[in-house]
Amino acid sequence: MNIVVCIKQVPDTNEVQINKETNNLVREGVPSIMNPFDEAGVELSLRLKENYGGKVTVVSMGPGQAEEVLQQALDMGADEAYLLSDRTFAGSDTLATGYLLSQFIGGLEYDLIVCGAEAIDGSTGQVGPIIAENLNIAQFTYVNGIAREGKKWKITRSVGKYMEQHETEQKILVCVMRQSAVPREGKSCGRTPEKVGAGAVEGLNPDRVGSAGSPTRVVKIQMSDSRQKSYVVIDDTLPARERIQMIINGGIEQKAQVEFMRGSAESLAQKILSIPEMSKVLP
Amino acid sequence: MEGTNQKFTKLLSPFKIGKMELKNRFIFLPHLTGYAIDEGWMDCGLFSERNIQHYVERAKGGAAAVTVSQNVDPHSMMSDEYPVGSDPRNRENFRRLAEEVHKYGCRCITQLNHGGHNTLKNPPQILVAPSQMPEPSCHFNTKELEKEEMEQIKDYYVKAAVLQQGVGWDAVELKIAHDGLLRTFISPLFNKREDEYGGSFENMMRYPLEIIEAIRKAVGPDYPIGIRLCVDEFIEGGYSMEYGLKVARRLEEAGVDYLSTDAGSFSSFYMEIPPAVVPLGFALYMSAELKKTVDIPVIAFGRINDPVQAEMLLSENCADLVGMCRQLICDPETPNKTMRGELDDIRHCIACNEGCLGNDGIDVECVQNPGAGREKYFGIGTLTPAEAGKKVLVIGGGISGMKAAEIAAKRGHSVSLYEQSDKLGGQVLLIEKMPYRAEVGEVYRYLKYQLKRHGVDIHLNTRVDRQLVEQEAPDVIIAATGSVPVIPDYIKMDEAGIRVIDCRQAMRHLELIGQKVLIFDDIGYYQAGGTADYVTALGADTTIVTTSNFLGCDIEGTNNTLLLKRLYERGAEIIASHTISEIKGDKVTIRNVYSQAERVLGGYDTVIIAAQSSSDNQLYKELKAAGKDIRAVGDCVAPRAIEQVIFDAELAGRGI
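Here the structure is a predicted model, which means the values were calculated and not measured.

Rules used in this analysis
- Note that residues are indexed from 1 along each chain, following the sequence as it is written.
- Ligands are numbered from 1 and chains lettered from A, in the order in which they are written.
- At least 70 in pLDDT is required for a residue's local features to be given in this predicted model, at least 80 for side-chain atom pairs to be given and counted, and no such filter applies to totals for whole chains, interfaces and linings, which use all residues.
- Hydrogens and waters are ignored; side-chain quantities use all the structure's heavy atoms.
- Strands are runs of DSSP state E lasting at least two residues, helices are runs of H or I lasting at least four, and both sets are numbered from the N terminus onward.
- Taken over C-alpha atoms, the radius of gyration is set against a globule rule of 2.2 Å times the number of residues to the power 0.38.
- Between two residues, a contact is recorded if the distance between any of their heavy atoms is within 4.5 Å.
- Every accessible area reported is derived by Shrake-Rupley at a probe size of 1.4 Å, with residue values counting cover from the shown protein chains alone.
- The charged-residue count follows a simple rule in which Lys and Arg add positive charge and Asp and Glu add negative charge, with His and chain termini not counted at all.
- In this description, the location of a charge corresponds to atom NZ of lysine, CZ of arginine, CG of aspartate or CD of glutamate.
- Relative accessibility thresholds used throughout: buried, under 20% of the residue-type maximum; exposed, over 50%; partly exposed, between the two (1.4 Å probe, protein chains only).
- For two strands to pair, DSSP has to find at least two bridges joining them.
- Handedness is read with the strands pointing away from the viewer; a crossover is right-handed when the path from the first strand over the helix to the second is clockwise.
- For Phe, Tyr and Trp, rings pair up if their centres lie within 6.5 Å, where Trp contributes its six-membered ring, and each pair is then called stacked (planes under 30 degrees apart), edge-to-face (over 60) or tilted (otherwise).
- Geometrically, a lysine NZ or arginine CZ counts as sitting over a ring once it is within 6 Å of the ring centre and also within 35 degrees of the ring normal.
- As used in this record, nonpolar core signifies buried Ala, Val, Leu, Ile, Met, Phe, Trp, Tyr and Cys residues forming a set joined through side-chain atoms within 4.5 Å.
- A pair is scored as a salt bridge if a Lys or Arg side-chain nitrogen falls within 4 Å of a carboxyl oxygen belonging to Asp or Glu.
- Two parts lose some accessible area (1.4 Å probe) when they are put together, and adding that loss for both gives the buried area.
- Between N or O atoms, a polar contact is any pair within 3.5 Å; within protein, one atom must be a potential hydrogen donor and the other a potential acceptor, and residues adjacent in sequence are included only when both atoms are from side chains.
- Ten residues, namely Ala, Val, Leu, Ile, Met, Phe, Trp, Tyr, Cys and Pro, are considered nonpolar, four, namely Asp, Glu, Lys and Arg, are considered charged, and the remaining ones, Gly among them, are considered polar.
- Interaxial angle, 0 to 180 degrees, is taken between N-to-C directions of lines fitted to C-alpha atoms, where a helix line uses only the stretch in contact.
- What sets the label is the angle itself: under 35 degrees gives roughly parallel, over 145 gives roughly antiparallel, 65 to 115 gives roughly perpendicular, and the rest give oblique.
- Two helices cross in a left-handed way if the nearer one is turned anticlockwise from the farther one by less than a right angle. They cross in a right-handed way if the turn is clockwise.
- For each structure, a 1 Å grid was placed over the protein atoms alone; sets of points admitting a 1.4 Å probe that cannot get out are labelled cavities, open sets with protein on both sides within 12 Å along at least five of seven lines are labelled pockets, and lining residues have an atom within 4 Å of a point.
- Grid points are joined across faces, edges and corners, and a volume is the space filled by probe spheres set on the points.

Peer 1: Would you mind showing me how to read the overall build of chain A here?
Peer 2: Per the secondary structure count, chain A includes seven helices and 13 strands. Compactness check: chain A gives a C-alpha radius of gyration of 24 Å against a globular reference of 19 Å for 283 residues, more than 25% above the reference. Judged by the C-alpha coordinates and their principal axes, chain A covers about 75 × 55 × 35 Å. Across chain A, every contact between residues at least 6 apart in sequence was considered, and the portion connecting residues at least 24 apart equals 70%. Surface exposure of chain A reaches about 16300 Å², of which carbon and sulfur atoms provide 49%. Side-chain charges in chain A split into 30 positive and 36 negative, and the spacing between the mean points of these groups amounts to 4 Å.

In structure tokens form, the structure reads like this:
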């Protein structure tokens, strides 16, 4: 069983600031890390390998510096690592990156491709699906877990409140969530990443990579106002008394009085069992 | 080292308001201290040594600026212990404050206010307002200001600003906030004038803008002028945020250098000095909106008591600077501890309002920090190592025992503490179960951390007796054995009747609380009010009988107002000015304390008695009689509240 994991080196967005004049990310002095979603992907792949055997190959596209994250994946236990790095790749958007990665991975032996559901710097979540489309294989997004049973992949997707279970025997690509696995610490190993230039990717169309192959134009970046805030906003148009109550309630509207049950453990258990709704959930 | 803590990159970074450089983002917000000297008519409001010490302490603790609240006009005082900013007799002490504060790289900002329709004096000589109308919560009517008077007041503002600029203060702030004259001018509820100072928005803004202009002319273009702005009055018929933002825009146009967020009014004083019922950071949305509305710097306020919270609000772009008032009263070293990364060492304000507000403007103290207002004796650097290390045995792991152990251990004594139960915290373990009182748990959380940090040897589940004392052979014993609640003997009871329990039993064992509950209050503090809050929240049908004229007469006002609101909303019946004479069967006979008229209430399954406790001092007396060096602290001396027992313990710890 061969697993290919796509990873990306990203700035640690906990530390990132926006330059107020240019509205660009300030990258100077910001530490680079492996995209946490991808880190979970590497971990999941290593666990699959440990349970079912096989080989884990890690691929990244980026500047020479991105070797750091590939080395980290090797140290965690990956078998091989390739860095697609070439001056002609510079300026690639998600379409070009997806094309390049699919071209390279298409030349490898693989049963499963693992991508992070998104990268914390751009959060487009597009590269995985683009690779799958280019390779014409099935894809699963928002994946929380993956296991092998005989010839089958068993995939768990996390969708809103629900967990979906899927099964397939085909070659697939999965985009995994960052909380799907806690990555292990690496131990320094003798393996090193191999650098791959444009010439070494078979059948690569130079017009489809780099700036030339990238239709995306970033018009403006600014701090989003819709980010989840840690404070509650109170409707200014409510009467004063209601504004105060909303603040005290932490922004939650109180709709009905909740009925309290009190008593000893035994009597409480009896009371709970006698609630009509309980018959629906109890066997 | 300063500013090197990676986690607080924003909070610890410098900032500039105009040309005023601030070394970090911690701003000590203005507040009434009640420390100025009052020697009667015209000799009041004198800025005292105690005032100076109070602000210098916060500068020592690492704040970037201290804001000193002042009255401008000696004829219209919030209180006679409120410094008068325009009084030339204050010049020397103002100069000394600036000089002292600057030694710590801290800025000194004056906040000027005219009491207007508000005062803490009861009754006041005269209150003034744009139109004749009292604050809705106040019974004292006002005088409508005449134009000549307005000119005089304006002169006082200018005089005060110039006086303080002259002695080296760094900025001036005007209060258009929860109390005072200027807000009433901009408020459509209070300003009904028909001249050029009322009616349209521009007219209502005129007087504050004239004052700003006059001050600007006097202090020059580079001296920062800030406004503490009430964004939402929280009064029915008053203005709310949209209007507040409109005012903010107009102030920015007028050349104001910064805005400091504020909310509430005397009619909603629990929003201006919010007790723990009001969530942490409740006003951040107002600061965030201000920040979107204006380009000048914004100071956040409102239950901000932790550097992590402060860093988060800055990174979420709610404000440029973090205003803390009560937190820095409680722990003046919050900024320095943040720099050192010693977050567990920070003593968080629990927003109980008992020390700082409960004294009703007499003077600001702090329940947890005996050094607040007593900086000279208990401030930073006053805790010195003991001459000789002694072996200290503390009996009791309640608040006073823990506090005494902390202080003794910090002074280098070898301290062991014995607690008979399985937890440290004493009565606070019951208090924190009351609705909205969980934050009181910080009192023992902080002390527990200090005991650990300073190597106090803690023994739980161990009752101290004479034998153990002989065995340990300590040099000094601290008796912190607490108190036990007493059911008054004037209540006649038949044994077979209703379940009668004391308030501590009720808080400890909720299964003892029935469905029809009568709570008797003969103490006026949280023992009854807090238990009633708990019992009604559990859904019990509750009657509260109090011997006082109203329930919670000794509970601090912001807390009690909201407590009474909750109790009445949950349908509790409160009977004031009555005592209990007899409990028989399910009937309770109550008696009016004035007329002695009796009434019988019935149908109860539980009666909870909240009356006095009595000191548990048997062991103290026994050991003292045996000639031991033993000192009592806390309830063991006399049952009291947290502030008093912590003060006891601080003294005892320093006395060893």
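Peer 1: I keep staring at the pairing of strand 7 (residues 80–84) of chain A and nothing clicks. Help me out?
Peer 2: A regular strand places its side chains on the two faces of the sheet in alternate fashion. Residues and elements named next belong to chain A. The buried fraction of strand 7 is high, at four of five residues. Summarising the sheet, strand 6 (residues 55–61) and strand 7 pair through five bridges and their orientation is parallel. Bridge assignment links threonine 57 to a residue of strand 7, and that residue is glutamate 80. Handedness of the β-α-β unit built from strand 6, helix 2 (residues 67–76) and strand 7 comes out right-handed.

Peer 1: In this structure, what is going on with the packing of aromatic side chains? I would like to understand it.
Peer 2: Within a pair of aromatic rings, the relevant descriptors are the distance that separates the centres and the angle that separates the planes. Taken as a whole and assessed by the stated rule, the structure comprises twelve aromatic pairs over all chains. Seen from their ring centres, phenylalanine 201 of chain B and tyrosine 243 of chain B are 5.7 Å apart, and the 90 degrees between their planes marks the pair as edge-to-face. A residue pair is termed long-range when its members are at least 10 positions apart, and phenylalanine 201 of chain B in helix 5 (residues 201–219) and tyrosine 243 of chain B in helix 6 (residues 241–253) qualify at 42 residues. Each member of the pair, phenylalanine 201 of chain B as well as tyrosine 243 of chain B, is classed as buried. Of the aromatic side chains, those joined through ring pairs into one cluster are Phe47, Phe94 and Trp169 of chain B. Taking the ring centre of tryptophan 153 of chain A as reference, the NZ or CZ of arginine 148 of chain A above it sits at 4.3 Å. Just above the ring of tyrosine 110 of chain A sits the side chain of lysine 171 of chain A; from NZ or CZ to the centre is 4.4 Å.

Peer 1: Sorry, what's going on with the nonpolar core here?
Peer 2: Nonpolar side chains in soluble globular proteins generally cluster together in the buried interior. Residue and element names in this part refer to chain B. Counting residues in hydrophobic clusters, the biggest one holds 123 residues, and the most contacted among them are Leu97, Leu174, Ile215 and Leu251. Tallying contributions element by element places helix 5 first for this core, with nine residues. If we ignore the near neighbours within four places in the chain, the residues touching leucine 97 are Phe47, Ile52, Tyr55, Val56, Val68, Cys108 and Trp169. Membership of the second largest hydrophobic core comes to 33 residues, among which are Ala404, Ala405, Tyr446 and Ala649.

Peer 1: Would you take a moment to explain the pattern of salt bridges for this structure?
Peer 2: Side chains carrying opposite charge are able to pair once their charged atoms draw close together. By the definition in use, this model includes 58 salt bridges over all chains. Of the charged contacts in the structure, one is a salt bridge between arginine 47 of chain A and glutamate 43 of chain A, with a shortest N-O distance of 2.7 Å. Note that arginine 47 of chain A and glutamate 43 of chain A are positioned in helix 1 (residues 36–52) at a spacing of four residues, about one turn of the helix. Its relative accessible area of 3% is what places glutamate 43 of chain A among the buried residues. Across the pair arginine 183 of chain B and glutamate 233 of chain B runs a salt bridge, and its minimum N-O distance is 2.7 Å.

Peer 1: I'm lost on the sheet that holds strand 18 (residues 492–493) of chain B in this one. Help?
Peer 2: Backbone-to-backbone hydrogen bonds join strands into a sheet, with any given pair of strands oriented parallel or antiparallel. Residues and elements named next belong to chain B. Spatial ordering of the open sheet is given by 18-23-24-25, a layout of four strands whose pairing is mixed. Strands with a single pairing partner mark the edges of an open sheet, and in this sheet they are strand 18 and strand 25 (598–602). The sheet contact formed by strand 18 and strand 23 (residues 578–584) spans two bridges and is parallel. Its bridge partner lying in strand 23, lysine 492 is registered against glutamate 582.

Peer 1: Explain the interface of chain B and chain A to me, please; I cannot follow it from the model alone.
Peer 2: How big an interface is tends to be stated in terms of accessible area lost as the parts join. Across the boundary between the two partners, chain B contributes 35 residues, which contact 22 residues of chain A. Across the interface of chain B and chain A, roughly 2400 Å² is buried in total on both sides, 53% from carbon and sulfur atoms. Its largest share of buried area at the contact with chain A, chain B owes to Glu236, Tyr285 and Glu316 of chain B, together 25% of the area lost on that side. Across the chain B-chain A interface, the total number found is one salt bridge. Put simply, chain B and chain A have seven residue pairs in polar contact (both at pLDDT 80 or more) between them. Of all the elements in the fold, those that place two or more residues in the side of chain B that touches chain A are helix 6, helix 7 (269–272), helix 8 (284–293), helix 9 (307–315) and helix 19 (557–569) of chain B. When residues of the side of chain B that touches chain A are assigned to their parent elements, the largest contribution, four residues, is made by helix 8 of chain B. Class assignment for the residues of the side of chain B that touches chain A results in 22 nonpolar, six polar and seven charged.

Peer 1: Mind showing me how you'd approach helix 8 of chain B here?
Peer 2: With eight of its ten residues buried, helix 8 of chain B lies for the most part within the structure. All of the buried residues along helix 8 of chain B are Leu284, Tyr285, Met286, Ser287, Ala288, Leu290, Lys291 and Thr293 of chain B. Packed against the buried residues of helix 8 of chain B are helix 5 (240–248) of chain A together with helix 6, strand 10 (258–262), strand 11 (298–300) and helix 9 of chain B.

Peer 1: Looking at this model, I keep getting lost on the environment of cysteine 349 of chain B. Mind explaining?
Peer 2: Residues and elements named next belong to chain B. Its location among the elements puts cysteine 349 in the loop between helix 11 (334–340) and helix 12 (375–378). Relative accessible area serves as the criterion here: at 12%, cysteine 349 is assigned to the buried category. Along the primary structure cysteine 349 and valine 440 are separated by 91 residues, whereas in three dimensions their C-alpha atoms are 9.0 Å apart. Ignoring any residue separated from it by four or fewer positions in sequence, one finds cysteine 349 in contact with Asn305, Arg326, Gln327, Cys330, Gln368 and Glu439.

Peer 1: Help me out: how do you make sense of the packing of helix 5 of chain B against helix 6 of chain B in this one?
Peer 2: A packed helix pair is summarised by two numbers, namely the angle formed by the two axes and the spacing between the axes. Residue and element names in this part refer to chain B. Across the interface, helix 5 lies against helix 6 with an axial gap of 11 Å and an inter-helix angle of 45 degrees. Regarding the angle of helix 5 to helix 6, the classification is oblique. Handedness of the crossing formed by helix 5 with helix 6: right-handed. Contacts between helix 5 and helix 6 involve Phe201, Glu202, Met204, Met205, Leu209 and Ile212 on the former and, on the latter, Tyr243, Lys246, Val247, Arg250 and Leu251. Here the residues of the contact of helix 5 with helix 6 sort into eight nonpolar, no polar and three charged.

Peer 1: Explain empty space enclosed by the protein to me, please; I cannot follow it from the model alone.
Peer 2: Gaps left between atoms show up when a probe the size of a water molecule is rolled over them. Residue and element names in this part refer to chain B. Applying the stated criterion to the full structure yields three cavities of 30 Å³ or more. Of the voids in this model, the largest cavity is the one considered here, and its volume is about 140 Å³. The wall of the largest cavity is formed by 15 residues, among which Pro435, Tyr436, Arg437, Tyr526 and Asn559 lie closest to the centre. Elements that contribute at least two residues to the lining of the largest cavity include exactly helix 18 (526–537) and helix 19. Looking at the lining of the largest cavity residue by residue, the classes come out as ten nonpolar, two polar and three charged. What lines the second largest cavity is a set of 15 residues, and nearest its centre among them are Cys349, Cys352, Cys356, Cys366 and Val367. Looking at side-chain class alone, the lining of the second largest cavity contains nine nonpolar, three polar and three charged residues.

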